[in-house]
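Each chain, letter by letter, is given below.
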Amino acid sequence: MALIVQKYGGTSVANTERIKAVAERVVNTAKEGNNVVVVVSAMAGETDKLIGLAHQISSNPNEREMDMLLSSGERVTSALTAIAVEALGHKALALTGRQAGIITDTVHTKARIERISGERIKKAIDEGYIVVIAGFQGVTEGETEVTTLGRGGSDLSAVAIAAAVNADLCEIYTDVDGVYTTDPNIVPEATKLLRISYEEMLELASLGAKVLQTRSVEFAMKYNVPVVVRSSFNYNQGTLVVEEDKDMENVVVSGIAYDKNQTKITIVNVPDKPGIAAKLFDAIASANLVVDMIVQNISSDGKSADISFTVPKTDSKKALDVTEAVAGELGAERVDKREDISKVSVVGVGMRTHSGVASRMFKTLADHNINIMMISTSEIKVSCVIDLKYTELAVRVLHEAFGLNG
Ligand code: ASP
Ligand code: MG
């Protein structure tokens, strides 16, 4: 008998018809001889709707109260799902994050899970219940305050609960079949990956393949929880996210990701001397800005440099302000900002053992006259910043060049 955690996202519980379909799938899984713990998101659009209501009243609502408000969405779907399971004749028990023993730190709206006491969940399983837990929420130590885990946080709830109860598998149900070699909207030939390593998933998730919340993948990797991403709208096999193995290394590149949510800031003509980058990025870090890529170009006479870096678009105004504020002090000529850029990446654990990935990527882009503005690499990834308008073209030609067209 296996213990399976099944997480259903917003589109899977979008209305009562969908909730009834979820209940059927859950009960069937139990009938096949498994113990099932269910984790649910709020109904599709519900969290955004609640945030909208708060903003109709205040432009800066208190974060504690936002957690009180937003946690209600998942409470609704957990109760409705339990009711639907019971209507099919199976015992069910809905639990809030607090009742499930999900203890977090005190950072409202983006709390971190500190521990989960799986006792109540395990007891209910032993008593024959299908437990349905409200995702995205927890409670602070001493059970005084309700917290939420950040947007998309019910993925994290599910993986953390799976680790706490020692589940054999954590299934994440969504409205796509799994993780693809790239965005099928751009490349119709994209194929579903049957297996992928945590690290690759992390790169693809943080690079914009929005199937799994990044923190949930980090958590799964840390506690070695096998995760399957699959659709609740069909019975197709999904994508299994697990520890890297030898077979995966034979595949040099597993996917092409892109991210249009980047801005490039350039500080032009700063003197090339020790301490300039330190001062600039100290100011950036003090403003709590997270920088992704950094490139420095020295002028031919060696006297001055341009330093460029990228930040998420949402931070671009702040990053520009901070950079302009230190530009004078650093003796820079000016500061430029470019919003019309994107980052395209090739990802694969096979790069650890195969050479030539970067050169093939650069050659492919060059063959299509796509200029590379910035480059960064890691052991399993090569990323290039390019002109935004070539994003789709770049993804298409790279997908083909790396033999991913199905
Ligand atoms: N309902 C929350 C959100 O929309 C959490 C989740 O769905 O994972 O972000
Ligand atoms: Mg989600």
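Let us look at the structure shown here. Since this is a predicted model, take the numbers as computed values, not measurements. (Residues numbered from 1 in each chain as written. Chains lettered and ligands numbered in written order. Predicted model: local features only at pLDDT ≥ 70, side-chain atom pairs only at ≥ 80, totals over all residues. Heavy atoms only, no water.)

## As for the overall build of the chain
Here is step 1 of the chain: Helices and strands together make up the secondary structure of the chain, namely 12 helices and 20 strands.
Here is step 2 of the chain: Expected size for 406 residues packed as a compact globule is a radius of gyration near 22 Å; at 24 Å, the chain falls within 12% of this value.
Here is step 3 of the chain: Each principal axis of the C-alpha atoms in the chain carries an extent, and together these give about 80 × 50 × 35 Å.
Here is step 4 of the chain: Put simply, the chain has 406 residues, and 51% of those count as buried.
Here is step 5 of the chain: Considering only intrachain contacts with a sequence separation of at least 6, the fraction spanning at least 24 residues in the chain is 75%.
Here is step 6 of the chain: Total accessible area on the chain is roughly 18300 Å²; 50% of this is exposed by carbon and sulfur atoms.
Here is step 7 of the chain: Looking at the chain, you have 42 positive and 53 negative side-chain charges, and the mean spots of the two groups are 2 Å apart. (Helix = DSSP H or I, 4+ residues; strand = E, 2+ residues; numbered from the N terminus. Rg over C-alpha atoms; globule rule 2.2 N^0.38 Å. Buried < 20%, exposed > 50% of the residue type's maximum accessible area, 1.4 Å probe, protein only. Contact = heavy atoms within 4.5 Å. Areas by Shrake-Rupley, 256 points an atom, 1.4 Å probe, with all protein chains shown as cover. Lys, Arg positive; Asp, Glu negative; His and termini not counted. Charge placed at Lys NZ, Arg CZ, Asp CG, Glu CD.)

## So, the sheet that holds strand β15 (residues 294–298)
Here is step 1 of the chain: Strand order in this open sheet of four strands is β15-β16-β14-β17, and the pairing throughout is antiparallel. Looking at strand neighbours, the two that pair on one side only are β15 and β17 (334–338), the edges of this open sheet. Here the strands of the sheet are splayed against their neighbours by 15° on average, with no regard to which way each runs.
Here is step 2 of the chain: Taken together, the five bridges between β15 and strand β16 (residues 304–312) define a ladder with antiparallel strand orientation. By the bridge assignment for β16, Ile298 is matched with Ala305.
Here is step 3 of the chain: Set on the sheet, helix α9 (residues 276–286) makes contact with β14 (262–271), β15 and β16; between it and β16 the angle comes to about 20°.
Here is step 4 of the chain: Relative to the sheet, helix α10 (residues 316–330) contacts β14, β16 and β17, its axis offset from that of β14 by approximately 0°. (Pairing = 2+ DSSP bridges. Axes fitted to C-alpha atoms, helices over the stretch in contact; angles between N-to-C directions.)

## Some remarks on the site of ligand 1
Here is step 1 of the chain: Surrounding ligand 1, one finds Ser41, Thr47, Glu74, Phe136, Arg151, Gly152, Gly153 and Ser154.
Here is step 2 of the chain: One nitrogen or oxygen atom from the side chain of Ser41 is found 3.1 Å from an oxygen atom belonging to ligand 1.
Here is step 3 of the chain: With respect to ligand 1, the side chain of Thr47 contributes an N or O atom lying 2.7 Å from a nitrogen atom.
Here is step 4 of the chain: Here ligand 1, which alone exposes 270 Å², has 85% of that area covered by the protein. (Near = heavy atom within 4 Å. Polar contact = N/O pair within 3.5 Å; in protein donor to acceptor, adjacent residues only side chain to side chain.)

## Some points on the packing of aromatic side chains
The description of an aromatic ring pair uses the distance of the two centres, along with the angle that the planes make with each other.
Here is step 1 of the chain: By the definition in use, this model includes three aromatic pairs.
Here is step 2 of the chain: When the ring of Tyr8 is compared with that of Tyr173, the centres are 4.7 Å apart and the planes differ by 10°; the resulting orientation is stacked. In this pair, Tyr8 is assigned in strand β1 (residues 3–8) and Tyr173 in strand β9 (residues 169–174), connecting sequence segments 165 residues apart. When sorted by exposure, Tyr8 lands in the same class as Tyr173, which is buried.
Here is step 3 of the chain: Where Phe219 meets Tyr223, the ring centres are 4.6 Å apart and the plane angle is 35°; that geometry is what we call tilted. Here Phe219 and its partner Tyr223 are both found in helix α7 (residues 214–223), four residues apart, which amounts to about one turn of the helix.
Here is step 4 of the chain: The exposure class assigned to Phe219 is buried, which follows from its relative accessible area of 18%.
Here is step 5 of the chain: Here Arg18 stacks its cationic end above the ring of Phe233, 3.8 Å away from the centre of that ring.
Here is step 6 of the chain: A cation over an aromatic ring shows up here: Arg25 above the ring of Tyr235, its NZ or CZ 4.0 Å from the ring centre. (Phe/Tyr/Trp six-rings, centres within 6.5 Å; stacked < 30°, edge-to-face > 60°. Lys NZ or Arg CZ within 6 Å of the ring centre and 35° of its normal.)

## Some remarks on the side chain of Glu249
Here is step 1 of the chain: Residue position: Glu249 is located in helix α8 (residues 246–249).
Here is step 2 of the chain: Relative accessible area serves as the criterion here: at 16%, Glu249 is assigned to the buried category.
Here is step 3 of the chain: Ignoring sequence-local partners within four residues, the contact set of Glu249 consists of Glu244, Val349, Gly350, Thr353 and His354.

## Regarding the environment of Val326
Here is step 1 of the chain: Among the secondary structure elements, Val326 is positioned in helix α10.
Here is step 2 of the chain: For Val326, a relative accessible area of 13% gives the class buried.
Here is step 3 of the chain: Along the backbone, Val326 and Ile284 are 42 residues apart, and their C-alpha atoms lie at a distance of 9.7 Å.

## Here we look at the layout of surface pockets
Empty space among the atoms can be located by rolling a probe the size of a water molecule over them.
Here is step 1 of the chain: Each pocket or cavity is described by its volume, and for the second largest pocket that value is around 330 Å³.
Here is step 2 of the chain: Tallying contributions element by element places α7 first for the lining of the second largest pocket, with five residues. (1 Å grid on protein atoms, 1.4 Å probe; cavity = no way out; pocket = protein on both sides within 12 Å on 5 of 7 lines; lining within 4 Å. Points joined across faces, edges and corners; volume = space filled by probe spheres on them.)

## A closer look at the sheet that holds strand β18 (residues 341–347)
Here is step 1 of the chain: Strands sit in the order β13-β18-β20-β19 across an open sheet of four strands; the sheet is antiparallel. Looking at the sheet topology across the chains shown, the edges are occupied by β13 (255–259) and β19 (374–378). Pairwise comparison of adjacent strand axes, ignoring direction, gives a mean angle of 20° for this sheet.
Here is step 2 of the chain: When β18 meets strand β20 (residues 381–387), the two strands line up antiparallel, connected through seven bridges. From the neighbouring strand, Lys343 faces β20, where its bridge partner is Val385.

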